[in-house]
Amino acid sequence: MPVLYVLVGVPGSGKSTWIGHQKFNWDNTVIVSTDRYVERYAKSIGKTYNEVFDDYMSTAVDLMATEARNAFAADKDVVWDQTSTSVKPRAKKLRMAPAHYTKIAVVFKTPPPALHAKMLERPGKTIPEYVMRSMIDNFVYPTVDEGFDKIVNATLQGLEL
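So, a few notes on the structure that sits alongside this text. These numbers were taken from a predicted model, which means no experiment stands behind them.

Okay, the nonpolar core next. Note on soluble globular proteins: their nonpolar side chains tend to be buried together. Core analysis: the largest hydrophobic core is formed by 25 residues, its most contacted members being Leu4, Val32, Val38, Phe72, Val78 and Trp80. Of all the secondary structure elements, the ones that give two or more residues to this core are β1 (3-8), β2 (29-32), α2 (34-44), α3 (49-73), β3 (77-80) and β4 (102-107). Considering every element that reaches this core, the biggest residue donor is α3, with nine residues. With near-sequence residues (within four places) excluded, Phe72 lies in contact with Leu4, Val78, Trp80, Met96, Ala97, Pro98 and Tyr101. Counting 13 residues, the second-largest nonpolar core is a separate cluster that includes Val3, Ile19, Phe24 and Ala154.

Turning our eyes to something else, we now look at the pairing of β2. The alternating pattern of β2 places Thr29 and Ile31 on one face and Val30 and Val32 on the opposite face, and all of these are buried. For β2 and β3, the ladder comprises four bridges, and the chain directions are parallel. Bridged to Val30 within β3 is Val78.

Calculation notes
- Residues numbered from 1 in each chain as written.
- Predicted model: local features only at pLDDT ≥ 70, side-chain atom pairs only at ≥ 80, totals over all residues.
- Heavy atoms only, no water.
- Core = buried A, V, L, I, M, F, W, Y, C linked by side-chain atoms within 4.5 Å.
- Buried < 20%, exposed > 50% of the residue type's maximum accessible area, 1.4 Å probe, protein only.
- Helix = DSSP H or I, 4+ residues; strand = E, 2+ residues; numbered from the N terminus.
- Contact = heavy atoms within 4.5 Å.
- Pairing = 2+ DSSP bridges.

Shown next, in the form of structure tokens:
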């Protein structure tokens with residue numbers, strides 16, 4: 001049975017790093033992420049993520065949604081690499097997944113302030129403090145009532161079950 005992994009965590013909590021440590025069947029797994037599209041586009045025109053973000057994000061969202069729909073249609077496992085820190089964006093992702101998918105929320109704790117600041121040091125990509133504070137303050141832990149089959153806490157070594 002195919003799986004949808006919805007990653008849940010603020011920027012800099014280790015979501016993309018965690019993906020790189022997983023032993024997914026990469027021939028059957030698709031990572032969907034607006035960041036990947038924005039970063040790729042910025043690089044292609046010699047600019048930074050920040051420089052293209054406002055103008056390109058809507059295009060990145062459309063490309064990501066198309067990629068997700070195609071992956072679902074092909075019964076691929078999908079790893080959704082976005083913050084998904086509240087119910088509304090998670091609901092949209094869950095609605096896109098076919099009923100036969102196993103739906104797993106993978107939750108990332110916000111690192112302690114000093115470590116989090118270090119994890120956010122990305123050349124050309126900054127997140128305003130007020131945006132980050134809002135995400136942290138309004139974080140809603142996912143539940144099975146939202147439609148997830150399972151909620152797990154992430155570690156870089158894998159999943160805390």
